[in-house]
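# A look at the structure
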Amino acid sequence: MNRKMLMNMAVSGFILSVATGCSGMGKMADAPSHAAGKPALAAQSAEQARTALTAGKVSKAVGLAEAAVAASPREAGYRTLLGQAYLNDGRFASATAALTEAVELGATDSNTILSLTLSQIAQGKNAEAVALLTQHRDTVPTSDIGLALALAGDNEGAIYVLTEAARAEGADARTRQNLALAYALSGRWVQARMLASQDLSPAKLEARMAEWSKLAEQPNAQIRVASLIGTKAQQDAGMPVRLALRNFSDTQMAAAEPAEPAEQLASADPAPVAAYAPPPPVVLADAGNAIRSVELPMPERGADGVVPVTELPQPKAAGEVILADAAPYRAAQKQALELATVLIPKAMGFDAKKPNGWAVQLGAYDSLGIAKEKWGSLKKRNAELASFPASSHAATVKGRTFYRLTVNGLATRADATSLCNQLKAEGQTCFIRAMGGGESIQWASKASPVRLASR
């Protein structure tokens, strides 16, 4: 699979980030190193390595990333960059070593974790990969966790995670495609095709199914991961020993630093201890003076020994009550009653197989999946819309195919106009159209039951 094919697939954000060498650690890697070494040389080598990765010159990127790590061996961002360069080069053992050390140094961003997960899966270390994902489940996007679980062989876990993510509000096409791939890897091709078709044209769907079929039939984990990220698996003896993190402990790096002249250190130090003025001592307040007794006056009693009751002030008389005009509320109540008792019951009888009557069109979109997503968000914002049946059908305009989203089942033009006017008053764009009966409904949503508030 070449890089262009990979970009066209766009299965998952983390696969694309790994394939193009975007570590997500750019800011950390670009920052000057505070550890021992040669930070300027390291930063220059890292920048050149990223440029080489973007250009597809993976072998060159590996050499430059190794130079960056050698120049600043305790910088987590450079080890992440090196690990992703190894991963793009199909050197999974080296990638695992470099990325594990990056995590040890504090790199726990999602791309570092996912790159390490892929490297472990390629080496057959599925249990370690799943444990890593579980440990960092709050950092890694749910859609990426699901797909990684599928690659690790946990198909049921992957489908469960991705199904929940696909049902969540704001779920996008990427999440659905990851779920479709999880179905494919588990052998459920009917579900995979149905789900993938929501966001793909027929031509693109067939190409996607062919790629997934090759991926599912591949038993070798290294070849499977390599094909997924657009590279070839290589024989790998591991990362060079000279770059191993154990060679650069904090103590060793401190001993390797050249000592600066005493005069320079003195000039950078704070004022001498002799000139240091200690803070004034804390003086605690005298508890005997702080606590005082307060004598409360005793109530006076009458001649009979009874304490007189103090008269309470009487409340002022209420002012004039001004009643609000109930006409607007009565009009709104009448409108809601008409909607619930007249328009919606008629709409409930809409037959998607034989569309007729009038409809209110809410929009036209590039794919059926987008139209369905739009309906989901619109009916959540407007409870009235959820009470009507909705559908989508394809229409070709000037050679371009659109998917119309309509609210259906309105008996007359006046009913459709009334509903559209209400939607426009709430800021929703719409217009009315007659359903001729020849529309090929490709998706339909039933109306929700109407519930009237008790009075």
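Here, every reference points to the structure presented above.
Attention here is on the structure that accompanies the text. (Residues numbered from 1 in each chain as written. Predicted model: local features only at pLDDT ≥ 70, side-chain atom pairs only at ≥ 80, totals over all residues. Heavy atoms only, no water.)

## Focus: the nonpolar core
Put simply, the rule is: To qualify as a nonpolar core, a set must consist of buried Ala, Val, Leu, Ile, Met, Phe, Trp, Tyr and Cys residues joined through side-chain atoms within 4.5 Å. Residue exposure (1.4 Å probe, protein chains only): buried if accessible area is under 20% of the type maximum, exposed if over 50%, otherwise partly exposed.
Counting 63 residues, the largest nonpolar core has L82, Y86, A196 and W212 as the members making the most contacts within it. Among the nonpolar cores identified, the runner-up in size contains 20 residues, and L368, L385, Y403 and V407 belong to it.

## Here's the deal with the pairing of strand β1 (residues 358–365)
Going by this rule: In this text, helices come from DSSP runs of H or I with a minimum length of four residues, and strands from runs of E with a minimum of two, each type numbered from the N-terminal end. Two strands pair under a simple rule: DSSP has to find at least two bridges between them.
By the criterion of burial, β1 is predominantly enclosed, with 6 of the 8 residues buried. Pairing geometry for β1 and strand β4 (residues 431–434), over 4 bridges, is antiparallel. Each residue of the ladder has a partner; that of Q361, found in β4, is F431.

## Overview of the layout of surface pockets
Spelled out, the test is: Cavity: a set of points on a 1 Å grid over the protein atoms alone where a 1.4 Å probe fits but cannot get out. Pocket: an open set with protein on both sides within 12 Å along at least five of seven lines, its lining residues, like those of a cavity, having an atom within 4 Å of a point. Grid points are joined across faces, edges and corners, and a volume is the space filled by probe spheres set on the points. Basically, the charged four are Asp, Glu, Lys and Arg, the nonpolar ten are Ala, Val, Leu, Ile, Met, Phe, Trp, Tyr, Cys and Pro, and anything else, Gly included, counts as polar.
Put simply, the largest pocket is a space of about 520 Å³. What lines the largest pocket is a set of 19 residues, among which A166, A168, A171, R176 and E373 lie closest to the centre. For the lining of the largest pocket, the elements supplying multiple residues, two or more each, are α11 (155–167), α12 (173–185) and α20 (368–381). Top contributing element to the lining of the largest pocket by residue count: α20, with 8 residues. Among the residues making up the lining of the largest pocket, the classes are represented as 5 nonpolar, 6 polar and 8 charged.

## Side note on the sheet that holds β1
The strands that make up a sheet pair up through hydrogen bonds in the backbone, lying either parallel or antiparallel. The cut-off we apply is this: Axes here refer to lines fitted to C-alpha atoms; in helices the fit is confined to the stretch in contact. Angles between the N-to-C directions go from 0 to 180 degrees. Two residues qualify as a contact provided that any one of their heavy atoms is within 4.5 Å of a heavy atom in the partner residue.
Taken in spatial order, the 5 strands make up an open sheet running β4-β1-β3-β2-β5, and their pairing is antiparallel. Bordering the open sheet on either side are β4 and β5 (441–445), each of which pairs with just one other strand. In this sheet, adjacent strand axes meet at a mean angle of 40 degrees when their direction is disregarded. With 6 bridges joining them, β1 and strand β3 (residues 400–410) adopt antiparallel strand pairing. Among the inter-strand pairings, Q361 is bridged to a residue of β3, identified as T406. The sheet strands contacting α20 are β1, β2 (390–397), β3 and β5, and the helix crosses β3 at an angle near 35 degrees.

## A closer look at the packing of helix α4 (residues 39–54) against helix α6 (residues 76–88)
In helix packing, the relevant descriptors are the interaxial angle and the interaxial distance, both defined with respect to the helix axes. Counted only if it meets this: Roughly parallel covers angles under 35 degrees, roughly antiparallel covers those over 145, roughly perpendicular covers 65 to 115, and oblique covers all other angles. For any pair of crossing helices, the crossing counts as left-handed if the nearer helix is rotated counterclockwise from the farther one by less than a right angle, and right-handed if it is rotated clockwise.
Relative to each other, α4 and α6 sit at 30 degrees, their axes nearing to 11 Å. Our classification of the angle between α4 and α6 gives roughly parallel. Crossing handedness for the pair α4 and α6: left-handed. Contact residues: P39, A42, A43, A46, A49, R50 and L53 in α4; Y78, L81, A85 and N88 in α6. Looking at the contact of α4 with α6 residue by residue, the classes come out as 9 nonpolar, 1 polar and 1 charged.

## Quick word on the packing of helix α8 (residues 110–122) against helix α15 (residues 221–229)
It is the contact of α8 with α15, at a shortest axis distance of 7 Å, that shows an interaxial angle of 145 degrees. Contacts from L118, I121 and A122 in α8 reach A221, Q222, V225 and I229 in α15. Class assignment of the residues belonging to the contact of α8 with α15 gives a composition of 6 nonpolar, 1 polar and no charged.

Any functional reading would require information that these geometric values do not contain.
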